[in-house]
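Results of the structural survey
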Amino acid sequence: MTDALSALTRSAGQGGGPPALPVHVGIIMDGNGRWAELRKKPRSSGHREGLRTAKTLVKAALDLGIKVLSLYAFSTENWKRTGEEVAFLMDLIGRHLKKEEKFYRENRIRVVHSGDPAGLPERVAGDLGDIRRLTAAYDGLTVNLAINYGGRDEIVRGVNRWLKGREGGESLTEEALSRCLDLPDLPEPDLIIRTGGESRLSNFLLWGSAYAELYFSDKLWPDWTRSDLEEALKFYAARDRKFGGLK
Ligand code: FPP
C-alpha cells in the first residue's frame, strides 16, 4: 500500500465520519475487446488478459481490507454478442471457477453469485454452485461474480419473489424488495468503478448503487493494476457522503 493510501485507511472511522475505505466496491471491467484490437489480436485474448487482471485486483482488494468486491463478468445484454464470443466467455468463466478453487480457498475468499443462474449453461451454473458451497464459511473478502446479471432483471426477479411470498394485500416497500434481491446480506456498494473510458452504469447493481460514489477511468481493464485501485480509493476517501441529508 502506498504511504498516502495507508494514511487514508488508517484514518478510517476516526473522527466519527464515514470510513475512508469503502466496504463494498463494484467494478465494471470494460475495455477487453479494445485492448486486444489495439494489439491486432482476437477479442478473446483481451478477455483472457482481463481475467488475469481480475485475479490481480482480487488479491489487491484482499490486501487492502476491502470486504466485498463485485465484478461484472457477464451481463444479461452480453448474450447479444457473437455466438463465438459468448461461448468463449462462458468457457473462460467455467474454467476459472474450476482452476481457481484452490486460490479462493487458500485466501479464505467467499465467492457468491448475482444474476440468474437459470439462464446459464448447466456446467457454469453447476460450477458456480460448487464454489459457492465450498467457500461459504469464509469471512475475509467476499467476491461477488455478476454473471448473467442485469440490474433490471434482478429487480424484476426480486418483485416476483416478493409476490410469491406475499400473504395478504400488503404493499411492496423498499425494505421488502431489498430482502428479495439476489444477495440481501451484502452491504450496498459504496464505490462503483468503470474502466475503459465510458461513463455509464450499463445495468450494473442499479438498486444498490443509489448512493454509490462513481469513479470512471479511461484505462482499459487489462491494463489496470493495484495502483489504479489505490487511486480510486483515494478518490473515494475524498468524497463527502451525505446520502441526501445534511452534514
Ligand atoms: C467488457 O469488455 C468485458 C466483458 C463483457 C467481460 C468481462 C469478463 C472478464 C474480465 C473475464 C471473467 C471474469 C471473472 C472474474 C470470472 P468489452 O469486451 O466490452 O470491451 P470493449 O468495450 O473494448 O469491446
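Keep in mind the model is a prediction, meaning the values are calculated, not measured.

Reading the values: the criteria
Residues numbered from 1 in each chain as written. Predicted model: local features only at pLDDT ≥ 70, side-chain atom pairs only at ≥ 80, totals over all residues. Heavy atoms only, no water. Helix = DSSP H or I, 4+ residues; strand = E, 2+ residues; numbered from the N terminus. Rg over C-alpha atoms; globule rule 2.2 N^0.38 Å. Buried < 20%, exposed > 50% of the residue type's maximum accessible area, 1.4 Å probe, protein only. Contact = heavy atoms within 4.5 Å. Areas by Shrake-Rupley, 256 points an atom, 1.4 Å probe, with all protein chains shown as cover. Axes fitted to C-alpha atoms, helices over the stretch in contact; angles between N-to-C directions. Parallel < 35°, antiparallel > 145°, perpendicular 65-115°, else oblique. Left-handed = near helix turned anticlockwise from the far one by under 90°. Nonpolar A, V, L, I, M, F, W, Y, C, P; charged D, E, K, R; others polar. Polar contact = N/O pair within 3.5 Å; in protein donor to acceptor, adjacent residues only side chain to side chain. pLDDT = per-residue confidence, 0-100. Expected span 1.5 Å × (residues − 1). Core = buried A, V, L, I, M, F, W, Y, C linked by side-chain atoms within 4.5 Å. Near = heavy atom within 4 Å. Salt bridge = Lys/Arg side-chain N within 4 Å of Asp/Glu carboxyl O.

What follows concerns the overall build of the protein. Helix and strand content of the protein: nine helices and six strands. The C-alpha atoms of the protein give a radius of gyration of 18 Å, which matches the 18 Å a tight globule of 247 residues would have. In terms of overall dimensions, the protein has C-alpha extents of about 55 × 50 × 35 Å along its principal axes. The 247 residues of the protein split such that 46% are buried. Partitioning the intrachain contacts of the protein with sequence separation of at least 6 by distance along the chain shows that 73% fall at a separation of at least 24. Taken as a whole, the protein presents about 12,700 Å² of accessible surface, with 50% of it coming from carbon and sulfur.

We now examine the packing of helix α3 (residues 43–64) against helix α9 (residues 226–237). Between α3 and α9, whose axes approach to 9 Å, the crossing angle comes to 50°. Taken together, α3 and α9 sit at an angle that is classed as oblique. In this structure, the crossing between α3 and α9 has a hand that is right-handed. Within the contact between the two elements, α3 uses L57, A60, A61, D63 and L64 and α9 uses R226, L229, E230 and L233. Looking at the contact of α3 with α9 residue by residue, the class counts come to six nonpolar, no polar and three charged.

What follows deals with the side chain of T142. Considering the arrangement of structural elements, one finds T142 in strand β4 (residues 142–149). With relative accessibility at 5%, the residue T142 sits in the buried group. A polar contact is formed between the side chain of T142 and the side chain of R110, at a distance of 3.1 Å. Look past the residues within four positions of T142 in its chain and what remains in contact with it is K67, V68, L69, R110, V112 and L186.

Further remarks concern the confidence of the model for the protein. Close inspection of predicted coordinates is inappropriate for parts of the model with low pLDDT. Residues of the protein with pLDDT of at least 70 account for 92%, and the chain-wide mean is 93. Counted against residues more than four places away or in other chains, residues 7–16, with its pLDDT under 50, gives 11 contacts.

A separate point is α9. Side chains three or four residues apart in an α-helix point the same way, a direct result of the helix having 3.6 residues per turn. Taking 1.5 Å of rise per residue, the 12 residues of α9 would be expected to cover 16 Å, and the 16 Å separating its terminal C-alpha atoms lies within 8% of that figure. Every buried residue belonging to α9 is among D228, L229, E230, A232, L233 and Y236, and all of these are buried.

Judged by nonpolar contacts, the single largest core of 40 residues is most densely connected at L71, I193 and L229. The leading source of residues in this core is α3, at six residues. Setting aside residues no more than four positions away along its own chain, L229 makes contact with L57, A60, A61, L64, I66, I193 and W224. Y72, A146, Y149 and I192 belong to the second-largest nonpolar core, a separate cluster that totals eight residues.

Contacts to the ligand come from 17 residues, most closely from D30, G33, R34, R43 and R81. In the model, an oxygen atom of the ligand is placed 3.1 Å from a nitrogen or oxygen of the G33 main chain. The separation between an oxygen atom of the ligand and a polar side-chain atom of R43 is 2.9 Å. Among the elements that make up the shell around the ligand, the one with the highest residue count is α3 (five residues).

By secondary structure assignment, the location of R152 is in helix α7 (residues 151–165). When the C-alpha positions of R152 and D91 are compared, they lie 25 Å apart, and in sequence the two are 61 residues distant.

Looking now at the pattern of salt bridges. Evaluation of the coordinates by the stated rule reveals 26 salt bridges. In this structure, E37 engages R43 in a salt bridge whose closest nitrogen and oxygen atoms are separated by 3.2 Å. Overall, E37 belongs to the partly exposed group, its relative accessible area being 45%. For the salt bridge of D91 with R95, the shortest nitrogen-to-oxygen distance reads 2.7 Å. Of this pair, D91 and R95 both sit in helix α4 (residues 83–99), four residues apart, which is roughly one turn of the helix. A residue is classified by how much of its surface remains accessible, and D91, at 28% relative accessible area, is partly exposed. A cluster of three or more residues bridged by salt bridges with shared partners is formed by D91, R95, K98, R123 and D127.

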